[in-house]
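Observations on the three-dimensional arrangement
Spelled out, the chains give:
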Amino acid sequence: IEELVTLADQQQKSLGQLVLEEQAAQLDMTPEALLQIIDQRLAVMEKAAESGMQPTTRSTSGLTGGDGWRMHTYEEKALSGAFCAKAVAIALSVAEHNAAMGRIVASPTAGSCGILPGALLPMMSEYGATREEVCLALLCAGGIGLVIAQQATIAGAEGGCQAECGAAA
């Protein structure tokens, strides 16, 4: 990661921009085309958060669901503040949408699918981050995830839930 940061500094680019250009070159596509694909992934995250935040969302077994919605109803009253509560509500909602067999973005795994949306979606709604900024943040996270996967693991089967959630965080 230090090498990525140094390279980004030398080129006067963000980590997201650096990863965008590198991945686009590896995939033999333009950065604009790759950014469009990432924007589509962001849309999936948004839909998963919205769907999972419905009070009727339940897993097939019926054992999970409704916690994202409940947390959402407490956002303004949370001791941690509205932003943190919104992040938790979104993270729970995406995970519950996943448990209900909904479409998610494994980021990096299905088990940690709510962490990046929980961190990034409130940045749009609460702080006005643009879609492009959030897409570049997703690319930055992907670049860091690649380093983690090469140096350690992101697989829950290999490193436990800490590997999945730690990499996502």
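See the structure printed just above.
This one's a predicted model, so the numbers in the text were calculated from it and none came from an experiment. (Residues numbered from 1 in each chain as written. Predicted model: local features only at pLDDT ≥ 70, side-chain atom pairs only at ≥ 80, totals over all residues. Heavy atoms only, no water.)

1. Some points on the overall build of the chain
Applied cut-off: Per the convention used, a helix needs a DSSP run of H or I reaching at least four residues, while a strand needs a run of E reaching at least two, with both numbered from the N terminus. In this setup the radius of gyration rests on C-alpha atoms only. A globule is expected at 2.2 Å times the number of residues raised to 0.38. Throughout, a contact is declared for two residues whenever any of their heavy atoms are within 4.5 Å. Surface accessibility follows the Shrake-Rupley procedure with a 1.4 Å probe radius. Residue values consider only the protein chains on display as shielding. For the purpose of counting charges, residues Lys and Arg are taken to be positive, whereas Asp and Glu are taken to be negative. His and the chain ends are not included. For this purpose, a charge sits on NZ of Lys, CZ of Arg, CG of Asp or CD of Glu.
Across its full length, the chain holds 9 helices and 0 strands. In the chain, the succession of helices and strands from N to C terminus is α-α-α-α-α-α-α-α-α. Whereas a compact globule of 169 residues would reach a radius of gyration of roughly 15 Å, the chain reaches 17 Å, a difference of no more than 12%. Oriented by its inertia axes, the alpha-carbon framework of the chain measures out at about 50 × 35 × 30 Å. Taking the intrachain contacts of the chain between residues at least 6 apart in sequence as the baseline, contacts between residues at least 24 apart amount to 57%. Taken as a whole, the chain presents about 9,600 Å² of accessible surface, with 56% of it coming from carbon and sulfur. The averaged location of the 19 negative side-chain charges in the chain is 12 Å from the averaged location of its 9 positive side-chain charges.

2. Looking at helix α7 (residues 131-151)
Going by this rule: In this analysis, the expected span of each helix is defined as 1.5 Å times one less than the number of residues it contains. When accessible area is computed with a 1.4 Å probe and restricted to protein chains, residues below 20% of their type maximum are described as buried, those above 50% as exposed, and intermediate ones as partly exposed.
With 21 residues, α7 extends 30 Å between its outermost C-alpha atoms, agreeing within 8% with the 30 Å of an ideal straight helix rising 1.5 Å per residue. What α7 keeps buried is the set V134, C135, L136, L138, L139, C140, G143, G145 and V147.

3. Considerations on the nonpolar core
One broad trend across soluble globular proteins is that nonpolar side chains are buried collectively. Spelled out, the test is: In plain words, nonpolar cores are sets of buried Ala, Val, Leu, Ile, Met, Phe, Trp, Tyr and Cys residues tied together by side-chain atoms within 4.5 Å.
Core analysis: the largest hydrophobic core is formed by 27 residues, its most contacted members being L42, V94, L138 and L139. Top contributing element to this core by residue count: helix α3 (residues 31-52), with 8 residues. Setting aside residues no more than four positions away along its own chain, L138 makes contact with I38, L42, M45, L116 and L120.

4. Topic: the layout of surface pockets
The condition that has to hold: The method works on a 1 Å grid over the protein atoms by themselves. A cavity is a set of points holding a 1.4 Å probe that cannot get out, a pocket is an open set with protein on both sides within 12 Å along at least five of seven lines, and residues with an atom within 4 Å of a point line them. Grid points are joined across faces, edges and corners, and a volume is the space filled by probe spheres set on the points. Note on residue classes: Ala, Val, Leu, Ile, Met, Phe, Trp, Tyr, Cys and Pro are nonpolar, Asp, Glu, Lys and Arg are charged, and everything else, Gly too, is polar.
Its volume calculated, the largest pocket comes out at about 710 Å³. Residue lining of the largest pocket: 30 residues in total, with L138, L139, A141, G142 and G143 positioned closest to the centre. Going through the elements one at a time, α2 (15-26), α3, α6 (115-127), α7 and α9 (161-168) are the ones with two or more residues in the lining of the largest pocket. If you tally residues by element for the lining of the largest pocket, the top one is α7, at 10 residues. Class assignment for the residues of the lining of the largest pocket results in 24 nonpolar, 5 polar and 1 charged. By volume, the second largest pocket amounts to about 360 Å³.

5. What about the packing of α3 against helix α5 (residues 82-99)?
For clarity, the threshold we go by: Note on geometry: axes are lines fitted to C-alpha atoms, helical ones only across the stretch in contact, with angles between N-to-C directions running from 0 to 180 degrees. Should an angle fall under 35 degrees it is taken as roughly parallel, and over 145 as roughly antiparallel, whereas 65 to 115 is taken as roughly perpendicular and any remaining angle as oblique.
It is at 7 Å that the axes of α3 and α5 come closest, and there the two elements cross at 90°. With respect to each other, α3 and α5 are oriented roughly perpendicular. When α3 is examined against α5, the residues M45, A48, A49, S51 and G52 are found in contact with a partner set consisting of I90, S93, V94, E96 and H97. In the contact of α3 with α5, the residues fall into 5 nonpolar, 4 polar and 1 charged.

Everything listed here is a matter of geometry and, on its own, says nothing about what the molecule does.
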